[in-house]
Amino acid sequence: DVKVTQSSRYLVKRTGEKVFLECVQDMDHENMFWYRQDPGLGLRLIYFSYDVKMKEKGDIPEGYSVSREKKERFSLILESASTNQTSMYLCASSRGAGNTIYFGEGSWLTVV
Amino acid sequence: GIQVEQSPPDLILQEGANSTLRCNFSDSVNNLQWFHQNPWGQLINLFYIPSGTKQNGRLSATTVATERYSLLYISSSQTTDSGVYFCAVNTGTASKLTFGTGTRLQVTL
């Protein structure tokens, strides 16, 4: 069965902290994505990666960076967390363009 | 970029009722998917449907690509159908999806 696993379900961090959100998929998918979801705004793409060490900015990359050292793992990094980054973060993966996308369970991040 | 609009934004149904959710998009698409997000946040893919009609149990979806819309039908709704329904599209050769803002469905007893 398809599985996308996000390492932390709920996190509380202080303003200015460096935050790592980890995502692992077990389907050998080429593409991986990080979205954030906010009320009334739907899901917005932060970054995506179509291969190891490759990344592209999505619609809202400011304040975030990503790392993909291995095919199965895609990390989202908040270099200096701010309160406006309080949100739910969703990781996803897919085999390639035009294929079904699978989501993890989400990580709820609160920055205080 | 492409715009994706969903209607209605909110919907309350009594158990057993039928409903139709709509997704309009502003440009030609290569990929359209419908998702259900349960109350715990998990997004589940319902349909991959860039064109045509598909059915899965009580759910079915139709995409009319030439007219730039897709419909999701829910028949004999159950309380477990509650949650938010999203459609998402992409264009060209890109893999990334653009999501609509969703329809929040509540099914009551």
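Relevant structure appears above.
Just so it is clear, the structure is predicted and the values come from calculations on it, not from any experiment.

K.L.:
Would you take a moment to explain the interface of chain A and chain B for this structure?
P.N.:
Accessible area lost upon the coming together of the parts serves often as the stated size of an interface. If you look at the interface, chain A gives 23 residues, while chain B gives 20 residues. Taking both partners together, chain A and chain B bury about 1,600 Å²; carbon and sulfur atoms supply 55% of that area. Between the two partners, chain A and chain B, sit 0 salt bridges. Inspection of the chain A/chain B interface yields 6 residue pairs in polar contact (both at pLDDT 80 or more). Contributions of two or more residues to the side of chain A that touches chain B are made by strand S4 (31-38), strand S5 (42-49), strand S9 (87-94) and strand S10 (101-103) of chain A.

K.L.:
Explain the sheet that holds strand S1 (residues 4-6) of chain A to me, please; I cannot follow it from the model alone.
P.N.:
Residues and elements named next belong to chain A. The strand order across the open sheet built from 4 strands is S1-S3-S8-S7, with neighbouring strands paired in antiparallel fashion. Only two strands of the sheet have a single partner each, and these edge strands are S1 and strand S7 (65-70). Strand-to-strand twist across the sheet, computed as the mean angle between neighbouring axes with direction ignored, equals 20°. Bridge count between strand S3 (residues 19-25) and strand S8 (residues 73-78): 6 bridges; the pairing is antiparallel. Counterpart to Val24 in the pairing with S8 is Arg73.

K.L.:
How do you make sense of the state of the cysteines when you look at a structure like this?
P.N.:
What is meant by a disulfide is a covalent connection between two cysteines, made through their sulfur atoms. Residues and elements named next belong to chain A. The tally for this structure, following the rule as stated, stands at 2 disulfides over all chains. Disulfide pairing is shown between Cys23 and Cys91; the S-S distance is 1.9 Å. Classification of the bridge connecting Cys23 and Cys91 rests on its S-S torsion, roughly -80°, and on that basis the disulfide is left-handed. With Cys23 in strand S3 and Cys91 in strand S9, this residue pair connects regions lying 68 residues apart in the sequence. Judged by its relative accessible area of 0%, Cys23 falls in the buried class.

K.L.:
So what exactly am I meant to see when it comes to the pairing of strand S4 (residues 31-37) of chain B here?
P.N.:
Every other side chain in a regular strand lies on the same face of the sheet, so the side chains alternate between the two faces. All names here are of chain B. When you tally the buried positions in S4, you get 7 out of 7 residues, the bulk of the element. Where S4 and strand S9 (residues 83-90) come together, 7 bridges link them in antiparallel fashion. Considered in S9, the bridge of Trp34 is made with Cys87. Examined bridge by bridge, S4 and strand S5 (residues 43-48) share 5 bridges and lie antiparallel to one another. Bridge pairing links His36 to Ile44 in S5. Counting the residues between successive antiparallel strands, the hairpin from S4 to S5 contains 5 residues, one of them, Gly41, with a positive phi of roughly 100°.

K.L.:
What exactly am I supposed to notice about the environment of Val52(A) here?
P.N.:
All names here are of chain A. With respect to the secondary-structure elements, Val52 resides in the loop between S5 and strand S6 (56-57). Each C-alpha atom, one on Val52 and one on Val66, is 11 Å from the other, the two residues being 14 residues apart in sequence. Once you skip the residues sitting within four places of it in the chain, Val52 turns out to touch Arg68, Glu69, Lys70 and Lys71.

Definitions and cut-offs
- Every chain begins its residue count from 1, and numbering advances along the sequence as written.
- Here the convention is simple: chains get letters from A, ligands get numbers from 1, in the order in which they are written.
- In view of the model being predicted, local features appear only for residues whose pLDDT reaches at least 70, and side-chain atom pairs are presented and counted only at 80 or more, with totals across whole chains, interfaces and linings using the full set of residues.
- Side-chain figures throughout are based on the complete set of non-hydrogen atoms in the structure, without hydrogens or water.
- Any pair of residues with heavy atoms lying within 4.5 Å of one another is described as a contacting pair.
- The term buried area refers to how much accessible surface (probe radius 1.4 Å) is lost by two components on association, counted for both of them together.
- Whenever a carboxyl oxygen of Asp or Glu lies within 4 Å of a side-chain nitrogen of Lys or Arg, that contact is scored as a salt bridge.
- Here a polar contact is taken to be a pair of N or O atoms separated by no more than 3.5 Å, where protein atoms must pair a possible hydrogen donor with a possible acceptor and residues adjacent in sequence count only if both atoms sit in side chains.
- Helix and strand labels come from DSSP, where a helix needs a run of H or I of at least four residues and a strand needs a run of E of at least two; each type is numbered from the N terminus.
- Being paired, for any two strands, means DSSP has found at least two bridges between them.
- Between N-to-C directions, angles cover 0 to 180 degrees, with each direction set by a line fitted to C-alpha atoms, over the stretch in contact for helices.
- Cysteine sulfur pairs qualify as disulfides if the two atoms are within 2.5 Å.
- Partly exposed residues are those whose accessible area sits between 20% and 50% of the maximum for their type, while under 20% is buried and over 50% is exposed, using a 1.4 Å probe and protein chains only.

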